[in-house]
Amino acid sequence: VQLQAYGGGLVQAGGSLRPSCAASGFTFSSYAMAWFRQAPGKEREFVAAITWTGSSTYYADSVKARFTISRDNAKNTVYLQMNSLKPEDTAVYYCARSIVGAFRTLDAYDYWGQGTEVTVSS
């Protein structure tokens, strides 16, 4: 199993980014997926999750209405469209594969990508 996150970068406040996570080594369309983030000196926190069909999505309150998670099962890829970025969104963003439905907890995930860094300047 491999999860390769990419597409982070440096952006000004109010800007947009769209990190992606390419999956391989398993049947991607059978698993829910999620994005977490970890800011310097802070714990890793839930950002967004999407069910295996893409029919349902879940968001942290801090990103709701600004971020959109989506997936393309034909490309084995999950995306995170981030709009109206704020300096407090600065973090390393990780994608993860879910094994249970408790999407907001770290224990619900068995494989993690290496992370892609997002920096939002004020």
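Residues numbered from 1 in each chain as written. Predicted model: local features only at pLDDT ≥ 70, side-chain atom pairs only at ≥ 80, totals over all residues. Heavy atoms only, no water.

Draft legend 1. Highlighting the state of the cysteines. The final tally for this structure, using the stated rule, is 1 disulfide. Between the sulfur atoms of cysteine 21 and its disulfide mate cysteine 95 the distance is 2.1 Å. Its torsion about the S-S bond being 60°, the disulfide of cysteine 21 and cysteine 95 is classed as right-handed. Taken together, the positions of cysteine 21 in strand 3 (residues 20-24) and cysteine 95 in strand 9 (residues 91-98) put the pair 74 residues apart, joining distant regions of the chain. Looking at cysteine 95, the relative accessible area reads 0%, which means it is buried. (Disulfide = S-S within 2.5 Å. Helix = DSSP H or I, 4+ residues; strand = E, 2+ residues; numbered from the N terminus. Buried < 20%, exposed > 50% of the residue type's maximum accessible area, 1.4 Å probe, protein only.)

Draft legend 2. Summary view of the environment of methionine 33. Looking at the element boundaries, methionine 33 is found in strand 4 (residues 33-38). Residues methionine 33 and glutamate 117 lie 84 residues apart in sequence; the distance between their C-alpha atoms is 19 Å. Apart from residues no more than four positions distant in its own chain, methionine 33 is found in contact with Leu3, Phe28, Ala48, Ala49, Ile50, Ile69, Arg71, Val78, Ala96 and Arg97. (Contact = heavy atoms within 4.5 Å.)

Draft legend 3. Just unusual backbone geometry, in detail. The phi angle at asparagine 76 is positive, at roughly 55°, despite the residue not being glycine. The topology assignment puts asparagine 76 in the loop between strand 7 (67-72) and strand 8 (77-82). Judged by relative accessible area, asparagine 76 falls into the partly exposed class, the value being 26%. Even without glycine at this site, serine 84 takes up a positive phi of about 50°. You can see serine 84 is positioned in the loop between strand 8 and strand 9. Judged by relative accessible area, which is 42%, serine 84 ranks as partly exposed.

Draft legend 4. Just the packing of aromatic side chains, in detail. Inspection of the entire model under this criterion finds 7 aromatic pairs. On the numbers, 5.7 Å between centres and 80° between planes, the contact of phenylalanine 36 with phenylalanine 46 is edge-to-face. With a gap of 10 residues between them, phenylalanine 36 in strand 4 and phenylalanine 46 in strand 5 (residues 45-50) connect regions that are remote in the sequence. Between the aromatic rings of phenylalanine 36 and tryptophan 112, the centroid separation amounts to 5.1 Å while the plane-to-plane angle is 65°, which identifies the pairing as edge-to-face. Remark: tryptophan 112 occurs in strand 10 (residues 109-112) and phenylalanine 36 occurs in strand 4; sequence separation between them is 76 residues. Exposure remark for tryptophan 112: the relative accessible area of 28% places this residue in the partly exposed category. Of the aromatic side chains, those joined through ring pairs into one cluster are Phe36, Phe46, Tyr109 and Trp112. Above the face of the tryptophan 112 ring, arginine 44 is positioned so that its terminal group lies 4.9 Å from the ring centre. The ring of phenylalanine 28 has arginine 71 sitting right over it, with the charged end atom 4.3 Å from the ring centre. (Phe/Tyr/Trp six-rings, centres within 6.5 Å; stacked < 30°, edge-to-face > 60°. Lys NZ or Arg CZ within 6 Å of the ring centre and 35° of its normal.)

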